[in-house]
Structures are given as C-alpha cells and as structure tokens.
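# Notes for the structure review
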Amino acid sequence: AWIVEGVVAAEDGPTLSGLFTGGEQVQCTVTPNDGEADGATMSSNTVTMNNPPVLGTVSLNTLAPAEGDTLEATISSSSDADGDAVSLQYAWYVNETMTAATDTLSSASFDKGDVIRVQITPHDGIDAGATVVSANAIAQNTAPVVHVVSLDASELYTSDTLAATVSSSDVDGD
C-alpha cells in the first residue's frame, strides 16, 4: 500500500504517480503473499516530497568591468513550487578559478584581461535547484591618471630649455 501523509493513497502496484505537494510524507508498505498465507508486513523508509527551486537567467551589471567597479549579479526570477523560501549560493570565477562566494565581486579580485563569471545555485532548505551561469565579463583597461604637472622655471627666456615634471599613476600597472 502507498501511504501519503498517513492516509492510504493506493492499495497495490509497484509505483505511485501523481502531483505531490512539497512537504508531504510518502511511505510504501508491502505484505508478501504466496497464494496461501500472508508474510510479515514490511514498511519502507519515509520520503518527504520536495520540488527544488528554480532560477531564471542571471545577468551581470556590466560585461566590461574596470578597476574600481564592483560586479553585481541579478537573477530574472526565482520560484519554488512548494512555496519554500529560496536562498542563493554564489560562486564567482576569475579565469576558471573560484574566487568568492559573495553576492558581489570587487575589482580587487580581478585584473585587466581576466575572464569573470558567476554561478548561482538556489536552495529551498531541502534541495538545491539547477545552477544558472552568467555570461562572461572581460576586465578592461583603466586609463592612467595624471596627478600633477609642473614646469621647472617660473620665468622663461627665448633660449631656455623648459622641462616638465609629471606625477601619474596607472592602477593596471601598465
């Protein structure tokens, strides 16, 4: 017999099919019979039915991040047929190496030319749903910055040579 939530749902058959509701408890009991006598009844383990959560697509706030940018992932939708709360597990990859498990990724984690993606897996407290992967982002060059330009003379004559002193930086190191 098939027992759903303590009630016999079907008397016989090796399978039970139908639309189960998340959280329902299902068990099977079997009584062997050789045509003359019943043997001892044996019950299966109890299984709690669950539908795993589902995510829509995932997108990044930019596919061309540069130094100073923070990458953020956005999912188009999430659902759980059983009405369970859905939590998200993030896995950020930089050049195929798992780098962070947070909901954002700062530019401290990547350099110019790196390939970046995020994988997000939904959980409903019972099961994990299918992992969804973003498109790849490619870290871009950041332009250098000039901080100060100064000339080495306060007066200039027609035959003088003038030199400029420049203070600059490039966060990409190039």
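Everything quoted here is computed from the prediction, not taken from an experiment.

### Overview of the overall build of the protein
In terms of helices and strands, the protein carries zero helices and 17 strands. In terms of overall dimensions, the protein is more spread out than a globule: its C-alpha atoms have a radius of gyration of 32 Å, far above the 16 Å expected for 174 residues. With respect to the principal axes defined by its C-alpha atoms, the protein has extents near 125 × 25 × 20 Å. Residues classed as buried in the protein amount to 25% of the 174 residues present. Across the protein, every contact between residues at least 6 apart in sequence was considered, and the portion connecting residues at least 24 apart equals 49%. Counting only carbon and sulfur atoms, one obtains 51% of the accessible surface of the protein, whose full area is about 11,000 Å².

### Concerning the environment of Met49
As for its position among the elements, Met49 is in the loop between strand E5 (47–48) and strand E6 (54–55). Ignoring any residue separated from it by four or fewer positions in sequence, one finds Met49 in contact with Phe20, Thr21, Gly22, Gly23, Glu24 and Val26.

### A short note on the nonpolar core
Membership of the largest hydrophobic core comes to 17 residues, with the highest contact counts inside it found for Ala73, Trp92, Leu105, Phe110, Ile116, Val118 and Ile120. Broken down by secondary-structure element, the contributors of at least two residues to this core are strand E7 (58–60), strand E8 (70–75), strand E10 (87–94) and strand E13 (115–123). Within the second largest apolar cluster, five residues are counted, among which are Trp2, Val4, Ala10 and Cys28.

### Considering the packing of aromatic side chains
Using the criterion set out here, one finds zero aromatic pairs in the structure. Its end group placed over the ring of Tyr93, Arg117 keeps NZ or CZ at 4.5 Å from the ring centre.

### Some remarks on the environment of Leu63
With respect to the helices and strands, the residue Leu63 is situated in the loop between E7 and E8. Residue Leu63 is classed as partly exposed on the basis of its relative accessible area, which comes to 44%. Considered as a pair, Leu63 and Gln140 are 77 residues apart in the sequence and their alpha carbons are 9.4 Å apart.

### Description of the pattern of salt bridges
Pairing is possible between side chains that carry opposite charge, provided their charged atoms lie close to one another. Counted according to the given criterion, the structure contains one salt bridge. Among the ionic pairs, Arg117 bridges to Glu96, the shortest N-O distance being 3.1 Å. Residue Arg117 is located in strand E13, and its partner Glu96 is located in the loop between E10 and strand E11 (97–100); the two are separated by 21 residues in the primary sequence. Relative accessible area serves as the criterion here: at 14%, Arg117 is assigned to the buried category. Exposure remark for Glu96: the relative accessible area of 59% places this residue in the exposed category.

What counts, and at which threshold
Residues numbered from 1 in each chain as written. Predicted model: local features only at pLDDT ≥ 70, side-chain atom pairs only at ≥ 80, totals over all residues. Heavy atoms only, no water. Helix = DSSP H or I, 4+ residues; strand = E, 2+ residues; numbered from the N terminus. Rg over C-alpha atoms; globule rule 2.2 N^0.38 Å. Buried < 20%, exposed > 50% of the residue type's maximum accessible area, 1.4 Å probe, protein only. Contact = heavy atoms within 4.5 Å. Areas by Shrake-Rupley, 256 points an atom, 1.4 Å probe, with all protein chains shown as cover. Core = buried A, V, L, I, M, F, W, Y, C linked by side-chain atoms within 4.5 Å. Phe/Tyr/Trp six-rings, centres within 6.5 Å; stacked < 30°, edge-to-face > 60°. Lys NZ or Arg CZ within 6 Å of the ring centre and 35° of its normal. Salt bridge = Lys/Arg side-chain N within 4 Å of Asp/Glu carboxyl O.

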